[in-house]
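Notes for the structure review
Okay, here's what each chain looks like letter by letter:
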Amino acid sequence: MACSAQSLLLLPLILLISEAASLSHTPMLPKAAIFPVSKDSSTLQYVARVFMGESLDSVNLVVDLNGPLVWMAKSASQSPQPIKSCSLKCSMANSIRGGGAEYNPNSMTCTLLAENTISRMSKSGYLSEDMMAMEFWDGIRSSSFAKSEKFLFLSSPKLLLKGLAHDARGMLGLGDSRISLPSQFSTTFGFFERKFSVCLSPKKGAVFLGGNPFESQISSSMMFTPLISKKSEGYYIDVSSIKVSGKKLALHQKGSLGAKISTTVPYTTFESKIYAGFVESYVSAAVSMNLSRVQSVAPFEVCFSSKHMENVPSIDLVLQSELVKWRIDGENSMVVVSDEVMCLGFLDGGVNPRDSIVVGGYQIEDHLLEFNLGNSMLGFASLLKGEKKCSDFEAADRESW
């Protein structure tokens, strides 16, 4: 069936400005949109809260940093509008790497493949659009809300929810596809930069689209490294070397390694040959600092007595030069498993994994990660020693809308 020529229009937008903002004669443009995030204690997944549908029901979605789209299982209170297979919106979805849209001769709706990156299960669903509301931040506080009338997402079968936090209804894709949340946000609200930030913690945090509340506090300490392209979907950085307490590991590999950053992997993983050298180097450094190794506690291989844990070996992912490194201190490297035992929060990723290095959620916590999609750069800074942490973020109450 031939598609008629169409123009892709900006999605309708309704701004609900707060009472304080309405007093100003010169309206201020918001600095960012904010999605509050909490950590599910049983699955260790990071769950964002969004508001969808005509009644703006609260919906929990697992944050998938590399996901190409937002997908969710339909609820009885939702009435999303399906997208036709012969449309520009379906063509946009077709650009997703690794599984695009396809023509469905029976319903003529845009059919799309979505992946649950926790269970590795993939299922087809229908590309749909519905209303989404989001909270705005004006540089001082959360002061306004916006409704995107025609937000694109995949309406998926409930079977795809297997493995997600029990109250989650899908996944919030933050990847660099044309229909991911950051891309749709950038298209709809044209006055924002094409970037987003992630700030996670063991309790609560947030995803910021556009700017973020920490920019003025950490501008001098933030480091930047290029985001590199790989055959698979996702955000990758080059790791030229790994150091433990300043000592470089022998990786026995020419060139740098592509490290994937993930919010769906709880702990950082190294492929087996890297992991073995890493563990040997870490244990040697820890013993020299009077740490006592104890029996392993699953899923961790390397554990220590909690005594004398004031100082632990530092871990550095050295990036494009010795001056640019991602330092992982004790708060992000050691996991408390009991009052007496702490374990190294790094796991063996296997002999031939999809990615040699995956930087997991625990190592990301209380770091601000800024993904600039305009210039393909990652900015990162630790908030552990600052006055404000990711867990200090407070979302506005929906009752105040």
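Residues numbered from 1 in each chain as written. Predicted model: local features only at pLDDT ≥ 70, side-chain atom pairs only at ≥ 80, totals over all residues. Heavy atoms only, no water.

This is how it is decided: UniProt positions are given in the numbering used here, feature names are shortened, and annotations may be inferred rather than shown by experiment.
If you look the protein up in an unreviewed UniProt entry, it shows as Peptidase A1 domain-containing protein from Salvia splendens. Under Sequence similarities (unreviewed entry), UniProt gives the following word-for-word description of the protein: "Belongs to the peptidase A1 family."

Comments concerning helix α5 (residues 272-288)
To keep things clear, this is the line we draw: Going along the chain from the N terminus, every DSSP run of H or I of four or more residues is numbered as a helix, and every run of E of two or more is numbered as a strand. A helix is expected to reach a length of 1.5 Å times the quantity of its residues less one. The cut-offs for exposure are 20% and 50% of the maximum accessible area for each residue type, with area from a 1.4 Å probe on protein chains only; residues under the lower value are buried, those over the upper are exposed, and the others partly exposed.
Look at α5: 24 Å from first C-alpha to last across 17 residues, which is about the 24 Å you get at 1.5 Å a residue. All of the buried residues in α5 are Ser272, Ile274, Tyr275, Phe278, Val279, Ser281, Tyr282, Val283, Ala285 and Ala286. At the C-terminal side of α5, asparagine 290 shows a positive phi close to 65 degrees.

Considering the state of the cysteines
Selection criterion: Note that a disulfide, as used here, is simply two cysteine sulfur atoms within 2.5 Å.
For the structure shown, the criterion picks out three disulfides. What pairs with cysteine 90 in a disulfide is cysteine 110, and their sulfur atoms sit 2.2 Å apart. On the sign convention where negative means left-handed, the S-S torsion of about 80 degrees between cysteine 90 and cysteine 110 marks this disulfide as right-handed. Taken together, the residues span a long stretch of sequence, with cysteine 90 in helix α2 (residues 88-93) and cysteine 110 in strand β8 (residues 110-116) at a distance of 20 residues. What makes cysteine 90 buried here is its relative accessible area of 4%. Assessed through its relative accessible area of 0%, cysteine 110 is described here as buried.

A closer look at the side chain of glutamate 129
This is how the line gets drawn: In the analysis that follows, any N or O atom pair within 3.5 Å is treated as a polar contact, provided that within protein one partner can donate a hydrogen and the other can accept it, and provided that, for residues neighboring in sequence, both atoms belong to side chains. The criterion used for residue contact is that any of the two residues' heavy atoms lie within 4.5 Å.
Secondary-structure assignment places glutamate 129 in strand β9 (residues 121-137). A distance of 2.8 Å separates a polar atom in the side chain of glutamate 129 from a polar atom in the side chain of lysine 89. Apart from the residues lying within four places of it in its own chain, the contact partners of glutamate 129 are Pro80, Gln81, Ile83, Lys89, Lys150, Phe151, Leu152 and Phe153.

Some thoughts on the pairing of strand β22 (residues 315-321)
Note the cut-off: The pairing criterion for strands is at least two bridges between them, as found by DSSP.
When you tally the buried positions in β22, you get five out of seven residues, the bulk of the element. As judged from the four bridges shared by strand β16 (residues 241-244) and β22, these two strands associate in the antiparallel manner. What sits directly across from isoleucine 242, in β22, is leucine 317. As judged from the five bridges shared by β22 and strand β23 (residues 324-328), these two strands associate in the antiparallel manner. The residue of β23 that forms the bridge with valine 318 is lysine 325. Once β22 ends, the chain turns through two residues before running back antiparallel as β23.

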